[in-house]
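Spelled out, the chains give:
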Amino acid sequence: MAFSAALHVPTQIALAVVFAHVLHRYGLFRGAVCGARAYHAVATTLPSWTP
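Engineer: Looking at this structure, how should I read the overall build of the protein chain?
Structural biologist: Along the backbone of the protein chain there are 2 helices and 0 strands. Out of the 51 residues belonging to the protein chain, those deemed buried represent 12%.

Have a look at this one:
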């Protein structure tokens, strides 16, 4: 459970920050796409430990 939260929280923060910024400047569709890309980038960058 702790591993799941350790990976999930930073990715959700990245998604929220990028989505809000891009949404404000470019609109909903671009905000959703860029937020999903930020989520994926952070999720693949963080180390994944096998319990």
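The rest of the description comes next.
Engineer: I keep staring at the environment of glycine 35 and nothing clicks. Help me out?
Structural biologist: Considering the arrangement of structural elements, one finds glycine 35 in helix 2 (residues 28-45). Spatially, the C-alpha atoms of glycine 35 and valine 18 are 5.3 Å apart, while their sequence positions differ by 17 residues. Residues within four places of glycine 35 in sequence aside, it is in contact with Leu15, Val18 and Phe19.

Engineer: Can you walk me through helix 2 in this structure?
Structural biologist: Residues lying three or four places apart along an α-helix face the same way, a consequence of the helix completing one turn every 3.6 residues. With 18 residues, helix 2 should reach 26 Å at 1.5 Å per residue; the first-to-last C-alpha distance of 26 Å fits that figure. When we look at burial in helix 2, the residues that qualify are Gly31, Gly35 and Ala38. Buried residues in helix 2, looked at end-on, bunch into an arc of 60°, giving them a common side. Exposed side of helix 2, more than 90 degrees from the buried face: Phe29, Arg30, Arg37, His40 and Thr44 are the residues found there.

Engineer: In this structure, what is going on with the side chain of threonine 11? I would like to understand it.
Structural biologist: Along the polypeptide, threonine 11 turns up in helix 1 (residues 2-26). You can call threonine 11 buried: its relative accessible area is 1%.

Engineer: Help me understand a nonpolar patch on the surface, please; the structure alone is not making it clear to me.
Structural biologist: A cluster of nonpolar side chains, namely Val9, Ile13 and Val17, defines an oily patch on the protein surface of about 270 Å² accessible area. Position of valine 17 among the secondary structure elements: in helix 1. On the accessibility criterion, valine 17 (54% relative accessible area) is exposed.

Analysis parameters
Residues numbered from 1 in each chain as written. Predicted model: local features only at pLDDT ≥ 70, side-chain atom pairs only at ≥ 80, totals over all residues. Heavy atoms only, no water. Helix = DSSP H or I, 4+ residues; strand = E, 2+ residues; numbered from the N terminus. Buried < 20%, exposed > 50% of the residue type's maximum accessible area, 1.4 Å probe, protein only. Contact = heavy atoms within 4.5 Å. Expected span 1.5 Å × (residues − 1). Arc of directions from axis to C-beta. Patch = residues over 30% accessible without salt bridge, like charges linked within 9 Å, V, L, I, M, F, W, Y side chains within 5 Å. Areas by Shrake-Rupley, 256 points an atom, 1.4 Å probe, with all protein chains shown as cover. Salt bridge = Lys/Arg side-chain N within 4 Å of Asp/Glu carboxyl O.

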